[in-house]
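Take a look at the letters that make up each chain.
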Protein chains: 2
Amino acid sequence: MRNIEVCFSPELIHLHDLQGKIVVVVDIFRATSTMIAALANGIDEIMTFADLEACREMRGKGYLIAAERNGLKIDGFDLGNSPVAFLKDDYSGQKLAMTTTNGTLAISKSSQADEILIGAFPNLSATVAYIQQQEKDVLVHCAGWKGRFNLEDSLYAGALVKSLESTHAAEEDGALAMKSLFEKEGHQLSAYLSKASHAKRLQNQGIEADIDFCLTLDLYDLVAKVENEKVKPISF
Amino acid sequence: MRNIEVCFSPELIHLHDLQGKIVVVVDIFRATSTMIAALANGIDEIMTFADLEACREMRGKGYLIAAERNGLKIDGFDLGNSPVAFLKDDYSGQKLAMTTTNGTLAISKSSQADEILIGAFPNLSATVAYIQQQEKDVLVHCAGWKGRFNLEDSLYAGALVKSLESTHAAEEDGALAMKSLFEKEGHQLSAYLSKASHAKRLQNQGIEADIDFCLTLDLYDLVAKVENEKVKPISF
C-alpha cells in the first residue's frame, strides 16, 4: 500500500515532506474548480499568479486574464474566478492567466512535490484513476481560507482519501479524520457545505450556480497537472 | 447564541482573534490530561515550561518537576507526562512544574485570551458547565503534534462543540467539521483513536493505561484555569 496524507493550509505545508509525492492542490470555492472548467472548455494552459499586476501583464502576451479578490472579479480583467463563466463558450486554443486569493499560494508552496495535480469534484474520478496508475504517495494540499482550515477543501480531501482506499492507506491523522467526515457527510455535500463560511460568503454574492458546479462529481474525464508552472490537461 | 471555533495547531493560532474569548487548550496525549489528573489528586498549582532547564530549576523552589520529550520521561525528573502516575498517591499541598512537547506552546500562544482553560476528556462536562455560565465565545486551541493536526485533540474539540451546542453556535468551518466527526466516531473513541498516529507511538511505549485514562469521560468535577501562568483548579 502507498500512503495518503492531508495538509489543511499552506501555512502548515512546511511541516510535510513533499518529495517523491503527488501533491493534489485543492481550492474548491473556486480556483481549482475554475481551472478544471476552463481546461474542459478548451483552454490549453493556465498560468497562475499571486500578484495581480503580474497577471494583468499577461494580456500583452496573448493570454486571457482572470482575477478575483475576496470573491469578486477585478475591473479590467476578462474573467473572474467563476467556473460557470467558462461553460458558455468554447475557448479552444486560448491560454489563461489567473490569480486567486488562496489557490495560487498553495500551488507555489507545493513546488517540492514530484508531481502537482489540480483537484476538484468535477474531475475527482479521473484524478483517482491517474493516481492509481502511479507508484507514489499522495498529499492533499488544501488551499484553505486565508491560511485557515476550510470545510470544502477538507471534504474534497476526504473524498479523495475514500476513493483511494484500495491503494493508499490513510494512516496520517488528517487523512483519517477527513475520510470519516466524508463518510458521514459526503452523501449530502451541497446541504452540508451550505453551512460552510466560504459558501455563505459566495451565496451572499448570488453565485449559487458556481457553488452547484463546484460540488458536482465527475463531469469531466480530465486530469490537470502543473508542469513548468503551467496547468495543463494530461492524457494517460 | 455565543460562538465556538476550533484552531488545529499553535502554528495557525495567529490567524484567530482570541480577545474576549475563553480559549480551551487541549493536548489529550498527554499534557492536558496529566494536568487534570494532577489537580484531581491534590496538586495545588502547575507551572508549565517550554524549556527543560527552566523546569528543572523549579525543584529548588519547592516544586515537583515533570518532563517528557517525544513521549519519554527525562532522567533526573520526578515524573514524566503520565497521568496514571498521579493516581497512585495523594499530592495534596504540592506544586508541580512541567514541560511538554506541544501543550506548553499552545498555552503560551493563548495569552491574548480573556480566559484560558485546560481541556481533557476526564473533566469535559465540568468544563462545559463552567463555560455555559460565562457570556463568552469559545475557541478550542488544539496543541497538535509538532505543529500538525492531530486526531485526539480534534476529537476533543468536536466533543466540546457538540456539548455546547445549546449555547454556542458552530458556524466556523473547523467547529462544524469536528462536530460532525465527533457525531460519527464519538461512540467508539478508543477504537477510533487507536488508529491515530500519536496513539500508535504511545502504544509502542507500552502505556495503554495512559491512553485509557486520557479517553475516559467525566471522572472529575474539576475545572482548570491558567492564571498568572499557573494552572489551578477553580471553584464556580
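What counts and how
Residues numbered from 1 in each chain as written. Chains lettered and ligands numbered in written order. Predicted model: local features only at pLDDT ≥ 70, side-chain atom pairs only at ≥ 80, totals over all residues. Heavy atoms only, no water. Helix = DSSP H or I, 4+ residues; strand = E, 2+ residues; numbered from the N terminus. Rg over C-alpha atoms; globule rule 2.2 N^0.38 Å. Buried < 20%, exposed > 50% of the residue type's maximum accessible area, 1.4 Å probe, protein only. Contact = heavy atoms within 4.5 Å. Buried area = accessible area lost by both parts, 1.4 Å probe. Salt bridge = Lys/Arg side-chain N within 4 Å of Asp/Glu carboxyl O. Polar contact = N/O pair within 3.5 Å; in protein donor to acceptor, adjacent residues only side chain to side chain. Nonpolar A, V, L, I, M, F, W, Y, C, P; charged D, E, K, R; others polar. Expected span 1.5 Å × (residues − 1). Least-squares fit on C-alpha atoms with pLDDT ≥ 70 in both. Axes fitted to C-alpha atoms, helices over the stretch in contact; angles between N-to-C directions. Parallel < 35°, antiparallel > 145°, perpendicular 65-115°, else oblique. Phe/Tyr/Trp six-rings, centres within 6.5 Å; stacked < 30°, edge-to-face > 60°.

- If you look chain A up in an unreviewed UniProt entry, it shows as Probable 2-phosphosulfolactate phosphatase from Algoriphagus ornithinivorans.

1. Digging into the overall build of chain A
So, point 1. Within chain A one finds nine helices and 11 strands.
So, point 2. Whereas a compact globule of 236 residues would reach a radius of gyration of roughly 18 Å, chain A reaches 16 Å, a difference of no more than 12%.
So, point 3. Along the longest, intermediate and shortest principal axes, the C-alpha atoms of chain A span 45 × 35 × 30 Å.
So, point 4. Within chain A, buried positions represent 61% of all 236 residues.

2. As for the interface of chain A and chain B
Accessible area lost upon the coming together of the parts is a frequently used measure of interface size.
So, point 1. Contacts between the two partners involve 32 residues from chain A and, on the opposite side, 32 residues from chain B.
So, point 2. With both chains or domains summed, chain A and chain B bury close to 2,500 Å², and 58% of this area falls on carbon and sulfur atoms.
So, point 3. Looking only at chain A, the three residues that lose the most surface to chain B are Arg148, Phe149 and Asp173 of chain A, adding up to 26% of its buried area.
So, point 4. Counting the contacts that link chain A with chain B gives six salt bridges.
So, point 5. Of the charged contacts, one joins Glu183 of chain A and Lys184 of chain B as a salt bridge, the two residues approaching to 2.9 Å between their closest N and O atoms.
So, point 6. Where chain A packs against chain B, one counts 16 residue pairs in polar contact (both at pLDDT 80 or more).
So, point 7. Counting residues per element, the ones that place at least two in the side of chain A that touches chain B are helix H5 (151–163), helix H6 (173–185) and helix H8 (197–204) of chain A.
So, point 8. Of the residues that constitute the side of chain A that touches chain B, the class distribution is 11 nonpolar, eight polar and 13 charged.

3. Topic: H5 of chain A
All names here are of chain A.
So, point 1. The end-to-end C-alpha distance of H5 is 18 Å, a good match for the 18 Å that 13 residues give at a rise of 1.5 Å each.
So, point 2. Within H5, 11 of the 13 residues are buried, which leaves it mostly tucked inside the rest of the structure.
So, point 3. Within the sequence span of H5, burial applies to Leu151, Glu152, Asp153, Ser154, Leu155, Tyr156, Ala157, Gly158, Ala159, Leu160 and Val161.

4. Considerations on the side chain of Asn123 of chain A
Residue and element names in this part refer to chain A.
So, point 1. Tracing the sequence through the fold places Asn123 in the loop between strand S7 (115–119) and helix H4 (124–133).
So, point 2. In terms of polar contacts, Asn123 uses its side chain to reach the backbone carbonyl oxygen of Leu222, at 2.9 Å.
So, point 3. Apart from residues lying up to four places away in sequence, Asn123 is in contact with Ile36, Ile118, Asp218, Tyr220, Leu222, Val223 and Ala224.

5. A closer look at the relation of the copies chain A and chain B
So, point 1. For the pair chain A and chain B, the relating rotation is 180 degrees, the translation along its axis is 0.0 Å, and the fit reaches an RMSD of 0.0 Å. Such values leave the two copies arranged in the relation of a two-fold axis. Taking C-alpha positions as reference, the residue of chain A nearest the rotation axis is Leu181 of chain A, located at 2.7 Å.
So, point 2. Mapped onto chain B, 100% of the interface residues of chain A again fall at the interface, so both copies present the same surface.

6. Things to note about the packing of helix H5 (residues 151–163) of chain B against helix H6 (residues 173–185) of chain B
All names here are of chain B.
So, point 1. In contact at an axis separation of 7 Å, H5 and H6 are set at 95 degrees when each is read in the N-to-C sense. By the angle class used here, H5 and H6 are roughly perpendicular. Side by side, H5 and H6 meet where Leu151, Ser154, Leu155, Ala157, Gly158, Ala159, Val161 and Lys162 of the first sit next to Ala175, Met178, Lys179, Leu181, Phe182 and Glu183 of the second.

7. Some details on the packing of aromatic side chains
Two aromatic rings are characterised by how far apart their centres lie and by the angle between their planes.
So, point 1. Across all of its chains, the model carries 11 aromatic pairs over all chains by this definition.
So, point 2. With 5.4 Å between their ring centres and 75 degrees between their planes, Phe121 of chain A and Tyr156 of chain A make a pair best called edge-to-face. With Phe121 of chain A in the loop between S7 and H4 and Tyr156 of chain A in helix H5, this pair connects stretches of sequence that are 35 residues apart. Both residues of the pair, Phe121 of chain A and Tyr156 of chain A, count as buried.
So, point 3. Seen from their ring centres, Phe8 of chain B and Phe149 of chain B are 5.2 Å apart, and the 50 degrees between their planes marks the pair as tilted. Within this pair, whereas Phe8 of chain B is found in the loop between strand S1 (2–7) and strand S2 (22–26), its partner Phe149 of chain B is found in the loop between strand S8 (138–142) and H5, the two being separated by 141 residues in sequence. Each member of the pair Phe8 of chain B and Phe149 of chain B is classed as buried.
So, point 4. One aromatic cluster in this structure is built from Phe8 and Phe149 of chain A together with Phe8 and Phe149 of chain B.

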